[in-house]
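An overview of the molecular structure
These are the residues of each chain, in order.
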Amino acid sequence: MYYPSENFQYLLINGAIGAGIAADAIIATVSRFRRFEQVKDALAWAAAIGLTHTVFPMIGLIGLWYAASSFPSLKAGIYGVGFVVMIWFITEVIREIAGFANDDDEEMETDADFFYHFLAQHSRFWAAVWAVSIDALVTGPGKTAATAQWTQAQVWGSFPLVGLVVFGLVMISAWPALALRHHWQQNKFDDPRGLARFTAIGSWIELSIFLYFAYLAISEMVVALGVQLFISEFLIAGEFSLITTVILLVTLWQRVWNHQLHEAKELLSR
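On a plain count of helices and strands, the protein chain comes out with ten helices and zero strands. The secondary structure elements of the protein chain, listed N-terminal to C-terminal, are α-α-α-α-α-α-α-α-α-α. The buried share of the protein chain, reckoned over its 270 residues, is 44%. In the protein chain, the share of contacts with a sequence separation of at least 24, taken over all contacts with a separation of at least 6, comes to 84%. Just so you have it, the protein chain exposes about 14100 Å², and 65% of that area is on carbon and sulfur atoms.

Turning our eyes to something else, we now look at the environment of Ala128. The residue Ala128 is located in helix H6 (residues 124–133) in this model. Each C-alpha atom, one on Ala128 and one on Arg32, is 9.7 Å from the other, the two residues being 96 residues apart in sequence. Residue contacts for Ala128: discarding those within four places in its chain leaves Arg32 and Trp45.

Attention shifts here to the side chain of Glu206. By the element assignment, Glu206 lies in helix H9 (residues 192–224). The buried charged residue Glu206 lacks any salt bridge, with Arg95 as its nearest oppositely charged partner at 14 Å. Setting aside anything within four residues of it in sequence, one finds Glu206 in contact with Gly20, Ala23, Asp24, Phe89 and Val93.

So, about a nonpolar patch on the surface. A cluster of nonpolar residues, Leu51, Val55, Ile59 and Trp126, forms a patch on the protein surface that exposes about 380 Å² of accessible area. Here the element with the most residues in the nonpolar patch is helix H2 (residues 39–70); it accounts for three residues. Relative to the assigned elements, Leu51 resides in helix H2.

On to the side chain of Thr54. Along the chain, the position of Thr54 falls in helix H2. By relative accessible area, which is 16% here, Thr54 ends up buried. Polar side-chain contacts of Thr54 include one of 2.8 Å to the backbone oxygen of Gly50. Look past the residues within four positions of Thr54 in its chain and what remains in contact with it is Phe159, Pro160 and Gly163.

Counting all residues, the mean pLDDT for the protein chain is 79, and 84% of those residues have values of 70 or more. Mean pLDDT across the elements of the protein chain ranges from a minimum in helix H4 (residues 103–112), with 46, to a maximum in helix H10 (residues 233–269), with 89. Ignoring residues within four places in sequence, the model shows residues 106–112, a span with pLDDT below 50, making four contacts including any to other chains.

At a minimum axis separation of 8 Å, helix H3 (residues 75–97) and H9 run at an interaxial angle of 160°. Classified by the angle their axes make, H3 and H9 are roughly antiparallel. Viewed along their axes, H3 and H9 form a crossing whose handedness is left-handed. Of the residues that constitute the contact of H3 with H9, the class distribution is 19 nonpolar, three polar and three charged.

Criteria and thresholds
- Residues numbered from 1 in each chain as written.
- Predicted model: local features only at pLDDT ≥ 70, side-chain atom pairs only at ≥ 80, totals over all residues.
- Heavy atoms only, no water.
- Helix = DSSP H or I, 4+ residues; strand = E, 2+ residues; numbered from the N terminus.
- Buried < 20%, exposed > 50% of the residue type's maximum accessible area, 1.4 Å probe, protein only.
- Contact = heavy atoms within 4.5 Å.
- Areas by Shrake-Rupley, 256 points an atom, 1.4 Å probe, with all protein chains shown as cover.
- Lys, Arg positive; Asp, Glu negative; His and termini not counted.
- Salt bridge = Lys/Arg side-chain N within 4 Å of Asp/Glu carboxyl O.
- Patch = residues over 30% accessible without salt bridge, like charges linked within 9 Å, V, L, I, M, F, W, Y side chains within 5 Å.
- Polar contact = N/O pair within 3.5 Å; in protein donor to acceptor, adjacent residues only side chain to side chain.
- pLDDT = per-residue confidence, 0-100.
- Axes fitted to C-alpha atoms, helices over the stretch in contact; angles between N-to-C directions.
- Parallel < 35°, antiparallel > 145°, perpendicular 65-115°, else oblique.
- Left-handed = near helix turned anticlockwise from the far one by under 90°.
- Nonpolar A, V, L, I, M, F, W, Y, C, P; charged D, E, K, R; others polar.

Shown next, in the form of structure tokens:
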């Protein structure tokens, strides 16, 4: 059976991580279309998001990676923690995109975010960057399993690589945001279905990528416990994430679409 080369697999994993944590930022970028008056506004936003998505995953990962590398007996537990964190994050994504989180919950979370309010008093821009980037902190533990076979240089190199992927994707998403603002100003964009379709598809892509890393974490935990797998843990994670995504699509697609359409209508009516 053919497997990708180690270098290609390394780039593919980092690309997937970058795409996963950028998905929410891309949706937020398009949703902020009114604030992008010029290209430089979009460039500043993409640079800030790229920076936080380089540093925040590093905070969440580096300690766990060193612990797993230095103390092999802790590997199974560390990968298990990564799985639990990813499942929690995936649950929150589902609640958000399907509208299970009610307004009271959202208000409580916003009120509890002291740092967000602190930033908002000084800079609405950096407060928005913080709100979009905070999720990147939890990707560190989930990414730990993907680094099981990496060298120290590969681990450190992955952070700027992921940051560049995020910057590039957010910058690309700024162009439709700028076009949307132009059409909105001329009253040429009044159909929320296109915007809802974009956010719904982006949300499902984000969900499927994080499901992959959740299953990869549990697969690496099983390997760390001494169980010999008959196929690659990367293939196992891919198969289970695909099956789970299909099940979620079948059961939640209509609810997600209705919620995203409602959000798009509200956004355009402001």
